[in-house]
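Summary of structural features
This is what each chain is made of:
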Amino acid sequence: LDVQAQAQPEDTLREAQALVGDDCDGGLLVLTDIFGATPANVAQKLISGTSARLISGVNLPMVLKLKQLLAQHATLEEMAKQLGQCGQRSVVVASELVRNLAKTGS
């Protein structure tokens, strides 16, 4: 669901509800970019009171990991856990990493 900047959160929530239908308790995993931004806030309302999971702060390595987890038929809990770990591991200060590699000759 693409959340438009000019859209009202209530309208976006209705659109999301129509999109997922009754699937919120059936293993729904919702991914958003920034915690506290409108998409994440709408998603929190969408999944409130359900067994669905919300992951915010998503980056590309997490999306690639999700593809792998889906192919492995991972459970919702396992996907949420592994995606959180993947997101944390994939954020690095690349300039420091490159400097350290150059110092060690690797």
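What counts as what
- Residues numbered from 1 in each chain as written.
- Predicted model: local features only at pLDDT ≥ 70, side-chain atom pairs only at ≥ 80, totals over all residues.
- Heavy atoms only, no water.
- Helix = DSSP H or I, 4+ residues; strand = E, 2+ residues; numbered from the N terminus.
- Rg over C-alpha atoms; globule rule 2.2 N^0.38 Å.
- Buried < 20%, exposed > 50% of the residue type's maximum accessible area, 1.4 Å probe, protein only.
- Contact = heavy atoms within 4.5 Å.
- Areas by Shrake-Rupley, 256 points an atom, 1.4 Å probe, with all protein chains shown as cover.
- Core = buried A, V, L, I, M, F, W, Y, C linked by side-chain atoms within 4.5 Å.
- Pairing = 2+ DSSP bridges.
- Right-handed = clockwise from strand over helix to strand, strands pointing away.
- Axes fitted to C-alpha atoms, helices over the stretch in contact; angles between N-to-C directions.
- Parallel < 35°, antiparallel > 145°, perpendicular 65-115°, else oblique.
- Left-handed = near helix turned anticlockwise from the far one by under 90°.
- Nonpolar A, V, L, I, M, F, W, Y, C, P; charged D, E, K, R; others polar.

Looking only at helices and strands, one finds five helices and two strands in the chain. From first element to last, N terminus to C terminus, the chain shows the α and β order α-β-α-β-α-α-α. Relative to the globule expectation of 13 Å for 106 residues, the C-alpha radius of gyration of the chain, 17 Å, shows a markedly less compact shape. With respect to the principal axes defined by its C-alpha atoms, the chain has extents near 55 × 35 × 20 Å. Expressed as a percentage of the 106 residues in the chain, the buried residues total 26%. Taking as baseline every contact in the chain between residues at least 6 positions apart, the subset at least 24 positions apart corresponds to 54%. As displayed, the chain offers around 7200 Å² of accessible surface, 55% of which is attributable to carbon and sulfur atoms.

Leu-29, Ile-55, Met-62, Leu-66, Leu-69, Ala-74, Leu-76, Met-79, Ala-80, Leu-83 and Cys-86 together form the largest nonpolar core, which totals eleven residues. For this core, the leading source of residues is helix α4 (residues 76-90), giving five residues. If we skip the residues at most four places from it in the chain, Cys-86 touches Pro-61, Met-62 and Lys-65. Within the second largest apolar cluster, ten residues are counted, among which are Ala-16, Leu-28, Val-30 and Val-42.

A separate point is unusual backbone geometry. Phi at His-73 is positive, roughly 60°, even though this residue is not glycine. As for its position among the elements, His-73 is in the loop between α3 (60-71) and α4. When its relative accessible area of 69% is taken as the criterion, His-73 is described as exposed.

Attention shifts here to the side chain of Thr-12. In this fold, Thr-12 is placed in helix α1 (residues 9-20). Thr-12 has contacts with Leu-1, Val-3, Ala-7 and Val-42, leaving out every residue within four places of it along the chain.

All right, on to the pairing of strand β2 (residues 53-56) then. Pairing of strand β1 (residues 29-32) with β2, which is carried by four bridges, proceeds in the parallel orientation. What sits directly across from Leu-31, in β2, is Ile-55. A crossover links β1 with its parallel partner β2, the connecting element being helix α2 (residues 38-47), and its sense is right-handed.

Between α3 and α4, the shortest axis-to-axis distance is 9 Å and the interhelical angle comes to 150°. Accordingly, the angle class assigned to the pair α3 and α4 is roughly antiparallel. For α3 against α4, the interelement crossing comes out right-handed. For the pair α3 and α4, the contacting residues are Pro-61, Met-62, Lys-65, Leu-66, Leu-69 and Leu-70 in the first and Met-79, Gln-82, Leu-83, Cys-86, Gly-87 and Ser-90 in the second. Grouping the constituent residues of the contact of α3 with α4 by class yields eight nonpolar, three polar and one charged.

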